Amino acid sequence: MSISQFLSFERDQVSHVLGVLLGLGVAWLFSVAVYRVWFHPLAGIPGPFLAKLTDFYGGYIASKGINHYHLYELHKKYGVAVRYGPNRVSFNSAKAIRDIYSSTKPLQKSAGYRALLLTGGIPSLFSSIDKIFHGRRRRIIGQGFSEAAMKSYEPIVQERIDRFSDVLIRDADNEGWGRGYDMSRLCAGLTFDVMAALIFGRPFRILEDPKGLSYVIDAIISAGRSVGIFHHLPIFGNNEFFFRVRGLFRLLFLNMQDIRNIKHFLTLSNAMTEERSKTEAARAAGEDIVKAQGTPAKDIFSYILDAKDPETGMHLSYTELWSEARVMIIAGSDTTSTALAGAFYYLSRDREILEKLRKELHAAFATEGEIWPGAKLTACTYLKHVVDEALRMSSPIGGILWRETQTDYIVEGRHLPKGTDVGVPVYATHHNPEYYPDPHTFNPDRWDESVVGAEAVAAAKSAWLPFQTGARSCIGRPLAMMELMLTLARTVYKYDIRVEAGKEEIAETEVVKGVREFKTRDQLTAATVGPFIQFKRREETVQ
Ligand code: HEM
C-alpha cells in the first residue's frame with residue numbers, strides 16, 4: 001500500500017469512526033428527549049415542550065428577566081401544575097405553598113442555590129442547602145432580628161428616612177414641587193444606606209451624594225442578572241464542572257462597566273469591613289463604641305458578633321460573619337427598595353387611596369415627628385394594607401423559589417419522585433383570581449375584613465408569599481416592614497405627590513392588556529425603573 005493510499009484509508013477510518021460517534025450522540029440525545037417527554041415520571045404534567053426537554057428553557061426566559069410573567073401565562077394556559085423543566089414543576093395554589101414551604105416537609109433548597117455562593121464558596125444563611133447547617137446559622141443570626149434588636153435599630157433607620165425626606169423637595173420650583181425622581185433609584189439609595197449603617201456602622205451616604213457610591217446599587221443589580229439565571233439552571237449547582245466554571249458563565253451577562261462596579265463594591269466593602277473590625281477591636285479593648293465611631297452601640301453587626309448558638313454555644317468566625325454581612329446588604333436592600341418604589345407607583349396613580357391613607361395618618365399623628373414605630377403606627381391599618389397590597393401586586397421576589405423533594409412526595413395530589421424541584425410562582429399566585437378577585441387592581445381594602453369579610457381576607461392571606469414562609473422565610477421581614485411603614489407614613493403625611501409629566505409609562509407594564517402595573521425584571525430579586533415622581537410639602541405640615 002502506497003503512502004497516499006494509506007492516508008486516504010486512515011481518513012476514511014477516522015471519518016467512519018466520527019460518523020458512528022455522531023450517530024450514537026444523536027441517538028442518545030434523541031432517546032433522552034423521548035424519555036423526558038413521554039416516559040419520565042413527570043410526563044403527565046403539562047408544560048411547554050422545550051421546558052420538558054431542558055432546563056435551558058427556564059434559563060433562557062430568565063436571561064430576559066420575565067420568568068414571573070411567563071409563569072403567569074403558563075398557569076393560565078395549563079392550570080395549577082406546569083412542568084417547567086425536565087425535573088421541575090411549578091404549582092399555582094395556596095395548598096402548594098403549604099405542601100412545599102412548611103418547615104416540617106421533606107424538601108430543601110434546590111441545587112441551583114449552590115451556584116449562588118459568594119465569598120470563596122462559603123455557604124451563607126441564604127444560599128445554604130443543608131438543613132442542619134441552616135438551622136444552626138438561623139439560631140445565631142436570628143438574634144440580630146429579635147424585637148429588642150429591632151428597637152435598637154430604630155434611630156438608625158429614622159436618621160436615614162430624615163435624609164430621604166429632605167431630598168424629596170430638593171431644587172423645588174416656584175410652586176414648591178421638587179425635581180422629578182426615579183423612585184427606584186432614590187429608594188435604593190435609602191435602603192442601601194440603611195443596610196450599610198446597620199452592618200458597617202455607617203451609611204454609604206448615597207442619599208446625600210447620589211453620584212458618590214451609587215455604583216454599589218448598579219453592582220448589585222448587574223450581579224443579579226446572572227444570579228437569576230443560575231437559579232433556573234440547577235446544573236450549575238449539581239455538576240462539578242459547571243459549578244467550577246460558573247464565574248466564566250457570569251461574565252457573559254456583564255459588561256466592562258458592570259465588572260468595574262462589582263470590583264469597586266468588593267473593594268469598598270473590604271475597606272468598610274476592616275474599619276468596622278478595628279472599631280470592634282476597640283470595643284473589645286473596653287473603649288466606648290459610640291465615641292469610637294459615632295453610632296449607637298447596637299446594630300446588626302454587633303448583635304451577630306455577640307450571638308451564640310443556644311444549642312451548640314458556637315459563635316460565627318469573622319470570615320463567616322462578613323460573608324453573611326455581604327449577603328444581607330444584597331438581600332435587604334434591593335428587595336425593600338422595590339417594595340417602596342412599587343408602593344409609590346400605586347399611590348401616585350390613585351388619588352383616592354392616597355387621600356384615604358393621608359387621612360388615617362393625620363388622624364393618628366399630630367406632627368410628623370411623632371411618627372415612630374410603636375402602637376400608634378401599628379394601629380394604622382390602612383397603611384399596613386397599602387404595604388401588603390404593594391407587596392402583592394409587584395412583589396420584590398416575583399418569580400419562583402425552587403425546593404427539591406428529599407423523598408418521593410405528593411404536592412397538590414401529584415406524585416413526585418425524590419429529587420424533583422418544585423415551587424410556587426409568586427407573581428402568578430399573587431394574581432390568581434381564586435384568592436384575589438380583580439387581581440390586577442391595586443385595592444388595599446381587599447385586606448380589610450370589615451369591607452370584604454373574614455373569608456375573603458383569609459383566602460388572600462393564604463396565597464400571599466412576598467417573604468416566603470417556613471424555615472427559609474425572610475429573616476429581615478421586621479426590618480423591611482419597619483422601613484416600609486415609616487417611609488411611607490412620613491412621606492405621605494408631609495408631601496403631595498404627582499407623577500412627573502411625560503414619564504408615566506417608563507415604569508409600567510401591561511401583563512394583561514389595558515391594565516397597567518409597576519414593572520419588575522425578575523432576576524431572583526427584581527430590577528426596576530421608576531416611577532418618576534415629584535413631591536411638594538403640604539401647607540398644613542409647614543411649621
Ligand atoms: C420587602 C423586603 C424583602 C422581601 C420581599 C424579602 C423576601 C425574601 C424572601 C422571599 C426570602 C426567601 C428566599 C428564598 O427562599 O430563596 C428571603 C430570605 C432572606 N432575606 Fe429577605 N426580603 C426582604 C427584606 C430583607 C431584609 C431587610 C433583610 C435583611 C437584613 C433580608 C434578609 C434575608 C435573608 C438573610 C434571607 C435568607 C433567610 C434564610 O434562608 O434563613 N431580607 N427574603
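Keep in mind that what you see is a predicted model, and the values were worked out from it rather than measured.

Each value, and the rule that gives it
Residues numbered from 1 in each chain as written. Predicted model: local features only at pLDDT ≥ 70, side-chain atom pairs only at ≥ 80, totals over all residues. Heavy atoms only, no water. Donors = N, O, S within 2.8 Å, 3.2 Å for Na, K, Ca; no water. Helix = DSSP H or I, 4+ residues; strand = E, 2+ residues; numbered from the N terminus. UniProt positions renumbered as here; feature names shortened; annotations may be inferred. Phe/Tyr/Trp six-rings, centres within 6.5 Å; stacked < 30°, edge-to-face > 60°. Buried < 20%, exposed > 50% of the residue type's maximum accessible area, 1.4 Å probe, protein only. Lys NZ or Arg CZ within 6 Å of the ring centre and 35° of its normal. Near = heavy atom within 4 Å. Polar contact = N/O pair within 3.5 Å; in protein donor to acceptor, adjacent residues only side chain to side chain.

### Focus on the coordination of the iron atom of the ligand
The protein gives the iron atom of the ligand a lone donor atom, C474 (SG), placed 2.3 Å from the metal. Counting through the fold element by element, C474 comes out in the loop between α22 (454-462) and α23 (477-494).

### Focus on the UniProt feature "transmembrane region" (unreviewed entry) in the protein chain
In the numbering used here, UniProt assigns the feature "transmembrane region" (unreviewed entry) to residues 20-39. Regarding residues 20-39, the helix share stands at 100% and the strand share at 0%, and the terminal C-alpha atoms are separated by 26 Å.

### With respect to the packing of aromatic side chains
Summed over all chains, the structure comprises 22 aromatic pairs. Considering the side-chain rings of W447 and W464, the 6.0 Å spacing of their centres and the 70° angle between planes classify their relative orientation as edge-to-face. Taken together, the residues W447 in the loop between α20 (426-430) and α21 (449-452) and W464 in the loop between α22 and α23 connect sequence positions 17 residues apart. Judged on exposure class, the residue W447 and its partner W464 are both buried. Aromatic ring contacts, followed pair by pair, group F230, F236, F241, F242, F249 and F253 into a single cluster. Above the ring of F126, the side-chain terminus of K109 is found at 4.3 Å from the ring centroid.

### Description of the site of the ligand
Neighbouring the ligand are 27 residues; Y113, H134, R138, R403 and C474 lie closest to it. Take K109: an N or O atom from its side chain is 3.0 Å from an oxygen atom of the ligand. Between the ligand and R472 there is a distance of 3.1 Å, counted from an oxygen atom to a side-chain nitrogen or oxygen. Contributing elements (two or more residues each) for the shell around the ligand: α6 (131-141) and α16 (318-348). Per element, the largest residue contribution to the shell around the ligand is six residues, and it comes from α16.

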